[in-house]
Amino acid sequence: MVSKRLGTGQGGRRKFLAVIDETPECGRAAAYAARRAKASGGAAVLLYVIDPGEFGQWLGVEKIMRAEATEEAETRLARVTDEIREAVGIEPETLVREGRTVDEIRDLIEADREIAILVLAASDSTQGPGPLVSAVAGSGSAFPIPVTVVPATLTDEDIESLC
């Protein structure tokens, strides 16, 4: 069961969740989430999910691989955070989790009742909308909050005018 969202009427603030990964389009989702957060007096949350399937090695090697994956996640989040800080002027929350991406998104939404909108970006590839949009669309059950899918082709000016 998903907990009821904590809206502004109950003392919460609307949070926009964007998932950060190594795809080029994730920057569009982060930009949109940050601009919507600023325009609405809310907050942006950036989530990076590490796939634990990469760590099926011996214990010593697994520890090194996990540490490297965590460092890579934190570096990527720092880079996106710097871009948002410079372009939008807000400080997003950042989180690194380990697990299956769709499950971690659901768990975070359940844990943080202020998260009101999940923002994803669709790839401009002819091979489909991208792994995350495909995973969310094919997850079999809807998220308990609205999902906004941002085209990867939107410029910062386009996003600004929409927000």
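Further up the page is the structure itself.
Presented here is an overview of the structure given in this document. (Residues numbered from 1 in each chain as written. Predicted model: local features only at pLDDT ≥ 70, side-chain atom pairs only at ≥ 80, totals over all residues. Heavy atoms only, no water.)

## Looking at the layout of surface pockets
The criterion, for reference: Space inside and on the surface of the protein is sampled on a 1 Å grid over the protein atoms alone, with a cavity defined as a set of points where a 1.4 Å probe fits but cannot get out and a pocket as an open set with protein on both sides within 12 Å along at least 5 of 7 lines; lining residues have an atom within 4 Å of a point. Grid points are joined across faces, edges and corners, and a volume is the space filled by probe spheres set on the points. Each residue is assigned to one class: nonpolar for Ala, Val, Leu, Ile, Met, Phe, Trp, Tyr, Cys and Pro, charged for Asp, Glu, Lys and Arg, and polar for all the others, Gly among them.
Computed from the structure, the largest pocket encloses a volume of approximately 210 Å³. As for the largest pocket, its lining consists of 15 residues, and the residues nearest its centre are I20, D21, V49, T101 and L132. Classifying every residue of the lining of the largest pocket gives eight nonpolar, three polar and four charged.

## Structural notes on helix α3 (residues 101-111)
Think of an α-helix as 3.6 residues a turn; residues three or four steps apart then line up on the same face. This is how the line gets drawn: For each residue, the accessible area found with a 1.4 Å probe, counting protein chains only, is set against the maximum for its type, and the residue is called buried under 20%, exposed over 50%, and partly exposed in between. Helix and strand definitions here come from DSSP, where helices need a minimum of 4 consecutive H or I residues and strands a minimum of 2 consecutive E residues; each element is numbered from the N-terminal end. Note that the arc is defined by the directions from the helix axis to the C-beta atoms. Residue contacts follow a heavy-atom distance rule, with two residues in contact if any of their heavy atoms lie within 4.5 Å.
Of all the positions in α3, only V102, E104, I105, L108 and I109 are classed as buried. In an axial view of α3, the angular spread of the buried residues amounts to 165°, which keeps them on one side of the axis. Residues of α3 that are buried in the fold lie against β1 (15-20), β2 (43-50), β3 (93-98), β4 (115-122) and α4 (131-137).

## Side note on the sheet that holds β1
To keep things clear, this is the line we draw: When DSSP locates at least two bridges between a pair of strands, those strands are taken to pair. Simply put, an axis is a line fit to the C-alpha atoms, just over the touching stretch for a helix, and the angle between two N-to-C directions goes from 0 to 180 degrees.
Strand order in the open sheet formed by five strands is β3-β2-β1-β4-β5, and the pairing between neighbours is parallel. Across the chains shown, the open sheet's two edge strands, defined by having one partner strand only, are β3 and β5 (147-151). Direction aside, the axes of adjacent strands within the sheet are offset by 30° on average. Of the strand pairs in this sheet, β4 and β5 are connected by five bridges, and their pairing is parallel. Its bridge partner being in β5, V119 is matched across the sheet by T148. Contacts from helix α1 (residues 26-40) reach β1, β2, β4 and β5, with the element oriented near 165° to β1.

Everything listed here is a matter of geometry and, on its own, says nothing about what the molecule does.
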